[in-house]
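Overview (structure and organization)
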Amino acid sequence: MAKKKIVKKRRGKSKAKNKGYFRQEHQDAIVEFCSSTCPKEKERIYTDIICEALEKLSENLIYVYGFHKQHDNVEMLKQDCVINLYETLHKFDANKGHRAFSYFNVVAKHWLIIHSRKKNKYKYRHISIDDPNNEVNVDALFHRNGQYVEAPSSKMEKAEKTEEIRQLFQEIRKRVKNEKEIKCVDAIIEIFNRVDELDFLNKRAIFVYVREMSGLNSKQLSVCMSSIRGIYKQLNGSGKEFDIL
């Protein structure tokens, strides 16, 4: 009697969903929203399609950049950010070549930075420096608010070190090998020269700034950074041409 061949059914993988919360459908919906002149149609597009993407965008920025640590009510912060994005929706112009995600990512980030600064300023203005239970470093607070005068010797040392770093950057620029690396170094120098004007600084933010200024993509930037890091190690350190950091 022939044995029946048992065929095991493989569990088929479910069709992959569109990855990412800001997809082409959201890009198209924002373009449609901006071109529509019908209030009801605009409300439908926003409620059904756009709103979810703006909420997720705001939430991600709040947690990635640590804004949640500065606010007691993160949900309210997120909703306020979404409202701000909704109010700027009409300003988006796809004809300028911008992607909606990139445009509103910058808008949301800037709003969160400004909003958090205002909140911190208000907080510091309403703290008693005589209260032994407060956790504010008064000297640091005065320094931040421009009420602390730095010693002349400290200013000179700071200026000298800044100039040394600039010279190090220029020496690295002379030794890089190709145009992409030059663009990367130039972006780093520009950020260093404008560091006091920048809204937000951490390792990830600096990488984004360099990428935007240089016009290089993430992979190209990583390769250039590796090469620049090697030159930096040759130049800087005890007994070398530079001994700064």
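What you see is a predicted model, and the numbers here were worked out from it, not measured in a lab.

Here we take up the packing of helix α1 (residues 24-35) against helix α2 (residues 39-64). The description of two packed helices rests on the angle between their axes and on the distance between the axes. Following both chains from N to C, one finds α1 and α2 inclined at 150 degrees, their axes separated by 9 Å at the closest point. Taken together, α1 and α2 sit at an angle that is classed as roughly antiparallel. In this structure, α1 meets α2 at a crossing whose hand is left-handed. Across from Glu25, His26, Ala29, Ile30, Glu32 and Phe33 in α1, the residues of α2 making contact are Glu41, Lys42, Arg44, Ile45, Tyr46, Ile49, Ile50, Glu52 and Ala53. By residue class, the composition of the contact of α1 with α2 is 8 nonpolar, 1 polar and 6 charged.

Now for the environment of Leu54. Within the element layout of this structure, Leu54 appears in helix α2. Under the relative-accessibility criterion, Leu54 is labelled buried at 0%. Residues Leu54 and Ile83, spaced 29 residues apart in sequence, show a C-alpha to C-alpha distance of 9.2 Å. Not counting chain neighbours up to four residues away, the residues in contact with Leu54 comprise Phe22, Tyr46, Val82, Leu85 and Tyr86.

Bringing α1 into the picture now. Across its 12 residues, α1 extends 17 Å between first and last C-alpha, which sits within 8% of the 16 Å expected from 1.5 Å per residue. Among the residues making up α1, those that are buried are His26, Gln27, Ala29, Ile30 and Phe33. Each buried residue of α1 lies within a common arc of 165 degrees when the element is viewed along its axis, so the set occupies one face.

Residues Ile30, Tyr46, Ile50, Phe104, Leu112 and Ile172 are the most contacted members of the largest nonpolar core, which totals 51 residues. For this core, the secondary-structure elements that each account for two or more residues are α1, α2, α3 (74-88), α4 (100-125), α6 (152-175), α7 (179-193), α8 (203-214) and α9 (218-235). Considering each element in turn, this core owes the most residues, 9 residues, to α2. Setting aside its immediate chain neighbours within four residues, Tyr46 contacts Phe33, Cys51, Leu54, Val82, Tyr86 and Leu89.

Conventions used here
Residues numbered from 1 in each chain as written. Predicted model: local features only at pLDDT ≥ 70, side-chain atom pairs only at ≥ 80, totals over all residues. Heavy atoms only, no water. Axes fitted to C-alpha atoms, helices over the stretch in contact; angles between N-to-C directions. Helix = DSSP H or I, 4+ residues; strand = E, 2+ residues; numbered from the N terminus. Parallel < 35°, antiparallel > 145°, perpendicular 65-115°, else oblique. Left-handed = near helix turned anticlockwise from the far one by under 90°. Contact = heavy atoms within 4.5 Å. Nonpolar A, V, L, I, M, F, W, Y, C, P; charged D, E, K, R; others polar. Buried < 20%, exposed > 50% of the residue type's maximum accessible area, 1.4 Å probe, protein only. Expected span 1.5 Å × (residues − 1). Arc of directions from axis to C-beta. Core = buried A, V, L, I, M, F, W, Y, C linked by side-chain atoms within 4.5 Å.

Function cannot be inferred from these measures alone, as they are strictly geometric.
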